[in-house]
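This is what each chain is made of:
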Amino acid sequence: MLTLPGLIDIHVHLRTPGQEYKEDFYTGTQAALAGGFTTVLDMPNNKIPITTQVLLEQKIELARQNIVCDVGFYFGSLGDNLEEFEKVTNRVRHPRPDRGSINNIGIDSRFRGNDTGVFGLKLYLNPTTGNFLINEEKLIKIYQAWSSNQPILLHCEGETMPMALKVIKATGKKTHICHVSSKEELSAIIEAKNAGLPVTCGVTPHHLFLTEVDAKRLGSYGLMKPYLKTQADVDFLWNNLDSIDLIESDHAPHTKEEKDSDNPPFGVPGLETTLPLLLTASSEGKLKVDDIKRLCHNNPAKIFNIPTDENTYIEVDETKPYTLNPKPLFTKCGWSPFQGKKVKGKVKTVYLRGEKVFDQGQILTKPGSGKII
Ligand code: NCD
Ligand code: ZN
Ligand code: ZN
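Please read all numbers here as calculations on a predicted model, not as lab measurements.

### Re the nonpolar core
- Counting residues in hydrophobic clusters, the biggest one holds 93 residues, and the most contacted among them are Val 40, Leu 123, Leu 139, Leu 154, Ile 177 and Leu 275.
- In terms of residues, this core owes the most to one element, helix H6 (residues 161-171), which gives 6 residues.
- Core analysis: the next-biggest nonpolar cluster, separate from the first, contains 16 residues, Tyr 74, Phe 132, Phe 304 and Ile 373 among them.

This is the structure in structure tokens:
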């Protein structure tokens, strides 16, 4: 039995509010625990994007009642909400002594807790689910307006990467580049790091374990942004694992009905498959267990300033082979692009701040027992 710290996934889409038919805070955080993740950070591309403090507080309040692991949030922007930035960053990293000012903007007093709040600002430079795109002019204005120490996160794949790097260089703002998938993108990031730019990057398990060949086999169930790439791209990611800061699942559930439709949405679930895939790769000598700790715990905590607890840990059977279920246990979407894959590494138990919250496939804790971080 292998013991690991409770893992951190800094990139999930739990779809609430507005698209609870795809996932909700209860099912999504159950999937997190089942996958060995005790903390997740939720993206703002909801049906109504989370671009105001009021929307953020409403979302947090929905989460509070339903989560079984710890959850933090990102803020979003389309370039027209710059005045909201200070409200959400103040609220968050430095809780306001002047509570009255929060009331003045219409927030119910029960929202005024000691939550730590948003962990970054997420911007989309390419079309993807939710379609809240921004151009270079808006990007610069947003970068200048974001004064928090928490990173800006970018979806900037392929042709938008140069524009992103230009703005990062001009403003010097800490930036995390999400779901890097190609040799070209990772090379540009390595170059930027060498030049001293404050950039970090993440890769997803699907971009490490699937290629364009799988995309053909999977059809719309292998459709996500960025698209699956060539074997040469995948090899480049593996050969440069040291330059990758973290692994993020980009857990992006959509229903089978949507995936089977004429216009299938982008995205695949991932919370319940990340760790078995990585432990299987570790058993094959492709990375070390220490790399998994670095990529799924230490660096996520460090880069995003996430609280950790030594009594939050997981126990994993890393030796017994099994086949990934066609139906993952907990995600509402009920499918996985990795179904049928033979893996090693099954999460047996999860402890959250000393309390056993998951045991042999069973969630032992009630909705609302996770913490808003
Ligand atoms: C994500 C989603 O469905 O919200 N989809 C995806 O294909 N990755 C959005 C995103 O992360 O780009
Ligand atoms: Zn994205
Ligand atoms: Zn995403």
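So that's the structure; there's more coming.
### So, the coordination of the zinc ion (ligand 2)
- Those protein atoms acting as donors to the zinc ion (ligand 2) are His 155 (ND1) and His 179 (NE2), and they sit at 2.0 to 2.1 Å.
- For the zinc ion (ligand 2), the 4 donor atoms are set out with angles of 54 to 145° between them, so the coordination reads as irregular.
- The distance between the zinc ion (ligand 2) and the zinc ion (ligand 3) is 3.9 Å. With His 155 in strand E6 (residues 152-155) and His 179 in the loop between strand E7 (175-177) and helix H7 (183-194), this residue pair connects regions lying 24 residues apart in the sequence.
- Judged by relative accessible area, His 155 falls into the buried class, the value being 2%.

### Quick notes on the coordination of the zinc ion (ligand 3)
- Only His 11 (NE2), His 13 (NE2) and Asp 250 (OD) from the protein reach the zinc ion (ligand 3) as donors, at distances of 2.0 to 2.1 Å.
- One way to put it: the 4 donor atoms around the zinc ion (ligand 3) meet at angles of 89 to 131°, and that makes the site tetrahedral.
- Summarised as a motif, the one-chain spacing of the donors to the zinc ion (ligand 3) is H-x1-H-x236-D.
- The class for Asp 250 is buried, based on a relative accessible area of 7%.

### Notes on the site of ligand 1
- The environment of ligand 1 is formed by 15 residues, the closest being Arg 15, Thr 128, Thr 129, Lys 225 and Asp 250.
- One nitrogen or oxygen atom from the side chain of Asn 45 is found 2.9 Å from an oxygen atom belonging to ligand 1.
- Measuring from a nitrogen atom of ligand 1, one finds a side-chain N or O atom of Asp 250 at 2.7 Å.
- Relative to its unbound accessible area of 320 Å², ligand 1 is 100% covered by the protein chains.
- Among the cavities detected, the one that contains ligand 1 is the largest cavity.
- In terms of residue class, the shell around ligand 1 is built from 3 nonpolar, 9 polar and 3 charged.

The rules behind each value
Residues numbered from 1 in each chain as written. Chains lettered and ligands numbered in written order. Predicted model: local features only at pLDDT ≥ 70, side-chain atom pairs only at ≥ 80, totals over all residues. Heavy atoms only, no water. Core = buried A, V, L, I, M, F, W, Y, C linked by side-chain atoms within 4.5 Å. Buried < 20%, exposed > 50% of the residue type's maximum accessible area, 1.4 Å probe, protein only. Helix = DSSP H or I, 4+ residues; strand = E, 2+ residues; numbered from the N terminus. Donors = N, O, S within 2.8 Å, 3.2 Å for Na, K, Ca; no water. Tetrahedral: all angles 85-135°; square planar, octahedral: opposite > 155°, others 65-115°. Near = heavy atom within 4 Å. Polar contact = N/O pair within 3.5 Å; in protein donor to acceptor, adjacent residues only side chain to side chain. Areas by Shrake-Rupley, 256 points an atom, 1.4 Å probe, with all protein chains shown as cover. 1 Å grid on protein atoms, 1.4 Å probe; cavity = no way out; pocket = protein on both sides within 12 Å on 5 of 7 lines; lining within 4 Å. Sits in = over half its atoms within 2 Å of the grid points. Nonpolar A, V, L, I, M, F, W, Y, C, P; charged D, E, K, R; others polar.

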